[in-house]
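Descriptive analysis of the structure
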Amino acid sequence: MNDIVTGPDGQSRCRWCAGGPEMLDYHDTEWGFPVRDDVRLFEKLSLEGFQSGLSWRAILLKRGHFREAFDQFDFNRIAHYTERDVERLVRNEGIIRHRGKIEAVLNNARLARDIVEREGSLAAFIWRFEPEQEPVAPPRSATTSAESVALSKALKKQGWKFVGPTTMYAFMQSMGLINDHAEQCVIRGQVEQARASFRRPGR
């Protein structure tokens, strides 16, 4: 099938992971596995915003630089950033130097703290938008869903930026709220097992 590629071990995988060794590793060890850690969730929300208009590979190759520049995406620290930090980040050649996206991370960090104060964790809020589905749902080919639209609206209502429905759908795919690995992908079963044993935040 055209959504499958044979990996270096002879096993079938999602075709998109053939873009480079870093993409293969990301596909095999991260994409789709459920995450409840607030910092990792905030990092992915931020990087998905930076990806807007670009490829994920471009962001992945710079992820180490992003982490160094943004204090490992500790939103409690980023919430205290000032205009001086914005200027520092705009000059940082290791990241995407888009002022609007940089300012969005600062804005969203402050709002993430508000969510934690209200909900107990960012994860508890995010995982409320996990779709109701069969134990093993078929992968989707869409770029949005009713749940990603709902998550986008909920975040935008609170003032978050760069969190459109398509961006939120990619976020939900990567953070394990859905399992969108192709049917024949060798990792799909591993992700489903991880999701089955995953303790949902707030439940």
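Throughout what follows, the structure given in this document is the object of discussion. Here the structure is a predicted model, which means the values were calculated and not measured.

1. A few points about the overall build of the chain
Helices and strands together make up the secondary structure of the chain, namely 11 helices and two strands. Listed N to C, the secondary structure of the chain is β-β-α-α-α-α-α-α-α-α-α-α-α in terms of helices and strands. For 203 residues, the compact-globule estimate of 2.2 N^0.38 gives 17 Å, and the chain sits close to it at 17 Å. A fraction of 64% describes how many contacts in the chain between residues 6 or more apart in sequence connect residues 24 or more apart. If you sum the accessible surface of the chain, you get close to 10000 Å²; carbon and sulfur atoms cover 49% of it.

2. Concerning unusual backbone geometry
Its identity is not glycine, yet Asp71 carries a phi of approximately 50°, on the positive side. By the element assignment, Asp71 lies in the loop between α4 (63-69) and α5 (75-78). Looking at Asp71, the relative accessible area reads 25%, which means it is partly exposed. Of note in the backbone geometry, Phe162 takes a positive phi value of approximately 55° without being a glycine. Looking at the element boundaries, Phe162 is found in the loop between α9 (146-158) and α10 (165-174).

3. What to know about α9
The first and last C-alpha atoms of α9 sit 19 Å apart over 13 residues, in line with the 18 Å expected at 1.5 Å per residue. What α9 keeps buried is the set Ser148, Leu151, Ser152, Ala154 and Leu155. In a view along the axis of α9, the buried residues occupy a sector of 165°, so they form one face of it. Opposite its buried face, α9 presents the exposed residues Ala146, Lys153 and Lys157, each directed more than 90 degrees away. Those residues of α9 that are buried lie in contact with α7 (99-119), α8 (122-126) and α10. Positive phi shows up at Gly159, right after α9, with a value of about 105°.

Thresholds, definitions, all that
Residues numbered from 1 in each chain as written. Predicted model: local features only at pLDDT ≥ 70, side-chain atom pairs only at ≥ 80, totals over all residues. Heavy atoms only, no water. Helix = DSSP H or I, 4+ residues; strand = E, 2+ residues; numbered from the N terminus. Rg over C-alpha atoms; globule rule 2.2 N^0.38 Å. Contact = heavy atoms within 4.5 Å. Areas by Shrake-Rupley, 256 points an atom, 1.4 Å probe, with all protein chains shown as cover. Buried < 20%, exposed > 50% of the residue type's maximum accessible area, 1.4 Å probe, protein only. Expected span 1.5 Å × (residues − 1). Arc of directions from axis to C-beta.

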